Amino acid sequence: MSSVRYRTCVTDENTIGMRYYLSSTAGTGGRLRESARDFVVKEISVHPPERDGRFTIADVTSINWETNRLVRLLARSMNISRERIGFAGTKDKRAVTTQLMSFECPKENLSNVSFKDLEFSNIYTSNHGIRIGDLIGNEFEIVVRDIAIDIKDASTIIEETASEIMKIGGFPNYFGVQRFGTYRPVTHLVGEAIVRGDLKKAVDIYLSYPSKNESNETIEVRKRLSQCKGDYSSIIHDIPKTMGYEKIMAEHLTKYPEDYKGAILKMPYNLQMMFTHAYQSYLFNIMLSKRMEHGLPLNRPVEGDVVIPLDFNRVPIHENPIITTTKNIDLVTKQVIAGRAFISIILFGADSAFSEGEMGEIERKVIESQNIEKKDFIVMGLSHCTSKGTRREIMCPVKNLNYDIYGDGYSVKFSLPKGNYATCLMREFMKSNMNDY
């Protein structure tokens with residue numbers, strides 16, 4: 001099999017392991033989210049059955065709301081714990097999002113909510129709530145503005161990029177910058193510190209690591225937090241509302257000095273999980289980049305690849321992995337080409353199993369370079385930071401890909417399966433700097 005050459009990424013995406021592009025084009029440049037309405041996301045969901053039950057189900061449309069903050073404030077308004085609010089997936093803040101949510105309370109509690117740019121619709125009751133992962137995919141309509149080249153040249157690049165993506169059948173299934181923090185990509189660093197057992201470092205990173213994308217006020221507060229030496233009482237009241245979770249951590253440590261585990265436990269469960277998952281995602285990105293660096297294909301298995309079949313809803317069946325061998329490679333290749341199965345890479349955790357062959361060697365070398373072991377992902381006292389690990393498909397398929405060019409920009413419409421990142425498709429078109437997504 002001939003080696004495949006991929007275009008090298010030279011932006012800051014390298015810092016989160018995203019080192020290559022599938023498409024060979026130069027990119028249009030430009031940026032996303034000049035306004036929240038430039039990034040529209042709608043979940044493709046399976047609604048729970050309508051019947052009498054303790055759950056209120058609703059489609060929630062929000063503009064410029066970060067999911068964790070929204071859930072926290074909804075819980076306060078409805079006078080319920082945030083654990084009684086269910087949602088299928090975390091959405092981008094700077095966007096217009098429509099997602100299915102469940103509330104373990106009477107319908108009437110929703111009338112207590114009166115937030116700007118928030119709307120409930122299709123409200124009913126059910127005996128089933130919504131949990132993380134309870135969706136099929138997402139539909140997107142995304143606008144790119146301020147492109148860096150002439151619109152005619154951009155039109156050619158967009159057309160050629162779309163053609164390459166559709167010919168291959170998708171794009172590299174990296175974890176996008178949102179996984180790590182769009183404006184402050186440190187979530188994986190927090191997760192790495194937790195996995196290594198250094199909870200003080202994990203909290204220090206979350207509180208005080210600054211980003212050039214933050215305001216001067218926030219950067220100054222983080223600097224002061226880094227100088228507190230565990231006593232945050234003098235700065236508590238100066239922490240801005242935009243640093244809500246940092247304030248919760250600092251308040252806890254003021255009451256209970258050096259209780260770093262307790263400070264992490266004060267975070268929402270899904271954010272605790274995200275810390276470890278972000279580190280696993282970083283390792284996955286590096287492994288995928290290494291596969292591309294070695295010239296291995298994304299849409300054709302090689303011996304040793306672990307291939308994941310899809311069910312009738314086109315959802316990956318991770319419980320039934322298939323190892324590609326000399327005997328079955330022709331059959332497995334046909335399934336992958338037909339879009340009925342996808343090549344996968346390990347998301348390393350406590351119960352992980354490496355691939356075999358060349359991909360297995362890549363996976364092992366990445367883990368060895370990190371000096372970590374499976375047991376490190378069993379985090380005592382932080383059950384939500386513990387992860388068994390799983391596998392992730394290396395290519396994301398795209399449906400209904402369309403684009404429209406106008407003025408100084410263009411829009412792209414498409415749908416993706418759940419757990420995949422629209423910005424990782426858009427980077428193929430744009431090839432912009434990381435903070436432009």
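Conventions used here
- Residues numbered from 1 in each chain as written.
- Predicted model: local features only at pLDDT ≥ 70, side-chain atom pairs only at ≥ 80, totals over all residues.
- Heavy atoms only, no water.
- Helix = DSSP H or I, 4+ residues; strand = E, 2+ residues; numbered from the N terminus.
- Rg over C-alpha atoms; globule rule 2.2 N^0.38 Å.
- Areas by Shrake-Rupley, 256 points an atom, 1.4 Å probe, with all protein chains shown as cover.
- Lys, Arg positive; Asp, Glu negative; His and termini not counted.
- Charge placed at Lys NZ, Arg CZ, Asp CG, Glu CD.
- Buried < 20%, exposed > 50% of the residue type's maximum accessible area, 1.4 Å probe, protein only.
- Arc of directions from axis to C-beta.
- Contact = heavy atoms within 4.5 Å.
- Salt bridge = Lys/Arg side-chain N within 4 Å of Asp/Glu carboxyl O.
- Pairing = 2+ DSSP bridges.
- Axes fitted to C-alpha atoms, helices over the stretch in contact; angles between N-to-C directions.
- Phe/Tyr/Trp six-rings, centres within 6.5 Å; stacked < 30°, edge-to-face > 60°.
- Lys NZ or Arg CZ within 6 Å of the ring centre and 35° of its normal.

**Notes on the overall build of the protein chain**
Of regular secondary structure, the protein chain possesses 11 helices and 17 strands. Taking 2.2 N^0.38 as the reference for a compact globule, 437 residues should give roughly 22 Å; the C-alpha atoms of the protein chain span a radius of gyration of 22 Å, in line with that estimate. For the protein chain, the spread of C-alpha atoms along the principal axes amounts to about 60 × 50 × 45 Å. Counting every atom, the protein chain has about 20300 Å² of accessible surface; 48% of that belongs to carbon and sulfur. Separation between the mean location of the 57 positive side-chain charges and that of the 55 negative ones in the protein chain comes to 2 Å.

**As for helix H9 (residues 329-337)**
By the burial criterion, the buried members of H9 are Val-332, Thr-333 and Val-336. Axial view of H9: buried residues confined to an arc of 100°, hence all on one face. Turned more than 90 degrees from where H9 packs its buried face, Asp-330, Leu-331 and Lys-334 sit exposed. Its buried side turned inward, H9 meets strand E11 (306-309), strand E12 (322-323) and strand E13 (341-347). Where H9 ends, the next residue or the one after it, Gly-339, has phi of about 80°, a positive value.

**Overview of the pattern of salt bridges**
In this structure the tally under the stated criterion is 19 salt bridges. The salt bridge involving Arg-184 is made with Glu-246; its shortest N-O contact spans 3.5 Å. Placement of Arg-184 in the loop between strand E10 (171-172) and helix H3 (187-195) and of Glu-246 in helix H6 (residues 244-255) is noted, with a sequence separation of 62 residues between them. Glu-246 gets classed as buried once you look at its relative accessible area, which sits at 6%. Among the ionic contacts, a cluster of salt bridges with common partners joins Arg-184, Glu-214, Arg-222 and Glu-246.

**Describing the sheet that holds E11**
Read across the sheet, four strands follow the order E12-E11-E13-E14 without closing on themselves; strand pairing throughout is antiparallel. Edge positions in the sheet fall to E12 and strand E14 (390-393), since each has one partner strand and no second. Where E11 lies against E12, two bridges are found, and the strand directions are antiparallel. Paired with Val-306 across the strands is Ile-323, a residue of E12. Contacting E13 and E14, helix H8 (residues 269-293) runs over the sheet at an angle of about 125° to E13.

**With respect to the packing of aromatic side chains**
Under the defined criterion, the tally for this structure stands at 10 aromatic pairs. Pairing Phe-103 with Phe-120 gives two aromatic rings, centres 5.9 Å apart and planes at 90°, and the pair type is edge-to-face. Remark: Phe-120 occurs in strand E8 (residues 118-126) and Phe-103 occurs in strand E7 (residues 96-103); sequence separation between them is 17 residues. Considered together, Phe-103 and Phe-120 belong to a single accessibility category, that of buried residues. Each ring, one from Phe-175 and one from Phe-284, has its centre 5.5 Å from the other, and the planes form 85°; the classification is edge-to-face. Taken together, the positions of Phe-175 in the loop between E10 and H3 and Phe-284 in helix H8 put the pair 109 residues apart, joining distant regions of the chain. Assessed through its relative accessible area of 3%, Phe-175 is described here as buried. Lying over the aromatic face of Tyr-21, Lys-431 brings its terminal NZ or CZ to 5.0 Å of the ring centre.

**So, the environment of Gln-335**
Checked against the element boundaries, Gln-335 lands in helix H9. You can call Gln-335 partly exposed: its relative accessible area is 27%. Distance in space between the C-alpha atoms of Gln-335 and Tyr-279 is 31 Å, their sequence separation being 56 residues. Discounting residues that sit within four places of it in the chain, Gln-335 has contacts with Arg-340 and Ala-341.

**What to know about the pairing of E7**
The element E7 is largely enclosed, with a buried count of eight among its eight residues. Burial of E7 is two-sided: the residues Val-96, Thr-98, Leu-100 and Ser-102 facing one way and the residues Thr-97, Gln-99, Met-101 and Phe-103 facing the other way are all buried. As paired elements, strand E4 (residues 39-44) and E7 share three bridges and run parallel to each other. The partner of Val-40 across the bridge, within E7, is Val-96. Pairing between strand E5 (residues 55-63) and E7: eight bridges, direction antiparallel. Residue pairing in the sheet places Val-60 in a bridge with Gln-99 of E7. Bridging between strand E6 (residues 85-87) and E7 involves three bridges; their strand directions are antiparallel.

Purely spatial values, then, with no claim about function.
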